[in-house]
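Residues per chain are reported as follows:
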Amino acid sequence: MSETPFIRCPGCDTLIDPTRTACPGCGRCPACGVKRSQTVKTCPNCNLAYCSCCGRCPQCLELRYSEIGPCECGHPKDAQQIEDLVRYHATVGAERRPAETGCILVVVILLILFFIGMFTLKG
Ligand SMILES: [Zn+2]
Ligand SMILES: [Zn+2]
Ligand SMILES: [Zn+2]
Ligand SMILES: [Zn+2]
């Protein structure tokens, strides 16, 4: 697979290329969520409104916020960050973030402790 898989922007659910510096939908850095730009509604070249969902100009097909440089968090120069974005936000086959599994584990452990407490009280 040579093509970069598309991801869902963690901020607004728009389908984006994970190597973009800012999401054309919400203008946020897809890696750290920092807003990289004020909202721009019209394409300066064609004077046409960008699509409200994907941020593409209907005439020149230029994506909004394409001119924004790399983010302070290192995106998109950090290959590891892009790998993580693809892993957790890919449109197909995304994995759960480890934090979620961690939460489930804590709940399970608490439940087990609760039941142990119940049995010891009865005994
Ligand atoms: Zn977005
Ligand atoms: Zn960032
Ligand atoms: Zn659209
Ligand atoms: Zn345009």
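Residues numbered from 1 in each chain as written. Chains lettered and ligands numbered in written order. Predicted model: local features only at pLDDT ≥ 70, side-chain atom pairs only at ≥ 80, totals over all residues. Heavy atoms only, no water.

Asker: Kindly report on unusual backbone geometry, identifying the contributing residues and their values.
Answerer: Cis geometry marks the peptide bond from His 75 to Pro 76, where omega comes out at 0 degrees. As for its position among the elements, Pro 76 is in the loop between β2 (15–16) and α1 (79–89). At Asn 47, a residue that is not glycine, the phi angle is positive and equals roughly 60 degrees. Its location among the elements puts Asn 47 in the loop between β2 and α1. A relative accessible area of 65% places Asn 47 in the exposed class. (Helix = DSSP H or I, 4+ residues; strand = E, 2+ residues; numbered from the N terminus. Buried < 20%, exposed > 50% of the residue type's maximum accessible area, 1.4 Å probe, protein only.)

Asker: Mind laying out the packing of aromatic side chains, listing which residues take part and the relevant values?
Answerer: The description of an aromatic ring pair rests on the distance of the ring centres and on the angle between the ring planes. Scanning the model with the defined rule gives 1 aromatic pair in all. With centroids separated by 5.7 Å and ring planes inclined at 70 degrees, the aromatic side chains of Phe 114 and Phe 115 adopt a geometry described as edge-to-face. The partly exposed category is assigned to Phe 115, whose relative accessible area is 44%. (Phe/Tyr/Trp six-rings, centres within 6.5 Å; stacked < 30°, edge-to-face > 60°.)

Asker: Go over the coordination of the zinc ion (ligand 4), please, and point to the residues and values.
Answerer: Protein coordination of the zinc ion (ligand 4) is provided by Cys 43 (SG), Cys 46 (SG), Cys 57 (SG) and Cys 60 (SG), with donor distances spanning 2.2 to 2.3 Å. For the zinc ion (ligand 4), all donor residues lie on one chain, and their spacing in sequence is C-x2-C-x10-C-x2-C. By relative accessible area, Cys 57 is classed as buried at 0%. (Donors = N, O, S within 2.8 Å, 3.2 Å for Na, K, Ca; no water.)

Asker: Describe the domain arrangement of the chain, listing the residues and the values that go with them.
Answerer: Domain parsing of the chain yields domain 1 (1–92) and domain 2 (97–123). Averaged C-alpha coordinates put domain 1 and domain 2 at centres separated by 40 Å. (Domains from an automatic or database assignment.)

Asker: Summarise the nonpolar core; cite the residues concerned and give the values.
Answerer: Residues Ile 7, Cys 9, Ile 16, Cys 23, Cys 26 and Leu 85 constitute the largest nonpolar core, which totals 6 residues. Setting aside residues up to four positions removed in sequence, Ile 16 forms contacts with Phe 6, Ile 7, Cys 9, Cys 23, Pro 24 and Pro 30. (Core = buried A, V, L, I, M, F, W, Y, C linked by side-chain atoms within 4.5 Å. Contact = heavy atoms within 4.5 Å.)

Asker: Can you explain the coordination of the zinc ion (ligand 3)? Please cite residues and give values.
Answerer: For the zinc ion (ligand 3), the protein coordination sphere consists of Cys 51 (SG), Cys 53 (SG) and Cys 54 (SG), at 2.1 to 2.4 Å. Mapping the donors of the zinc ion (ligand 3) onto the primary sequence gives the spacing C-x1-C-C. Taking the relative accessible area as the measure of exposure, Cys 54 reaches 29% and is therefore partly exposed.

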